[in-house]
Amino acid sequence: EVQLQASGGGLVQAGGYLRLSCAASGFIFDDYSIAWYRQAPGKEREGVSCISSRGSSTSYTEAVKGRFTISRDNAKNTVHLQMNSLKPEDTAVYYCNVVEARGGMWSPLSSWGHGTLVTVSS
């Protein structure tokens, strides 16, 4: 069974930083791209960042470009999202998912896990 568990969220002041982790199991991890999504209160879920199966390519939504960095450790079936210079508008529940990435589109391949809450105070 495919499982992806996000962790590392918390409460942080604007300008601060957090590192999120995503632990994956139940599939051949290094065959797939992994993406981070977030859902802010009252808003739709949106893609944040994506990393290719071997980590050679990364992409980011414009709102986080230059502040967030995605990485992966295929030996540990883990993906990270380093979040720096956090802003109140980054407040959301963050999820990770295995995706098919093609033509700039990230298509989730598994069900959504619990996510991890990031709250940025002003």
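Rules and cut-offs
For every chain, the first residue of its written sequence is number 1, and the numbers climb from 1 along that sequence. For this predicted model, a pLDDT threshold of at least 70 governs which residues receive local features, and a threshold of 80 or more governs which side-chain atom pairs are given and counted, while totals over whole chains, interfaces and linings are taken from all residues. Remark: hydrogens and water are excluded; side-chain values derive from all non-hydrogen atoms of the structure. Whether a residue is buried, partly exposed or exposed follows from its accessible area with a 1.4 Å probe, protein chains only, as a fraction of its type maximum: under 20%, in between, or over 50%, in that order. Put simply, DSSP marks the helices as runs of H or I at least four residues long and the strands as runs of E at least two long, and each gets a number from the N terminus on. Only when DSSP finds a minimum of two bridges between them are two strands counted as paired. Buried residues of nine kinds, namely Ala, Val, Leu, Ile, Met, Phe, Trp, Tyr and Cys, make up a nonpolar core once their side-chain atoms join them within 4.5 Å.

Turning our attention to the pairing of strand β7 (residues 68-73). Here β7 shows a buried face lined by Phe68, Ile70 and Arg72 and an unburied face lined by Thr69, Ser71 and Asp73. In the sheet, β7 pairs with strand β8 (residues 78-83) via 6 bridges, with the strands oriented antiparallel. Looking at β8, one finds that Phe68 is bridged to Met83.

This part covers unusual backbone geometry. The backbone of Asn77 sits at a positive phi, close to 50 degrees, despite the residue not being glycine. Note on placement: Asn77 falls in the loop between β7 and β8. Judged by relative accessible area, which is 25%, Asn77 ranks as partly exposed. One non-glycine residue, Ser85, adopts positive backbone phi at about 50 degrees. Within the secondary structure, Ser85 sits in the loop between β8 and β9 (92-102).

Take the nonpolar core next. With 27 residues, the main nonpolar core has Trp36, Leu81 and Tyr94 as its most contacted residues. At the level of secondary structure, the elements contributing two or more residues to this core comprise β1 (3-7), β3 (18-25), β4 (33-39), β5 (46-51), β7, β8, β9 and β11 (116-121).

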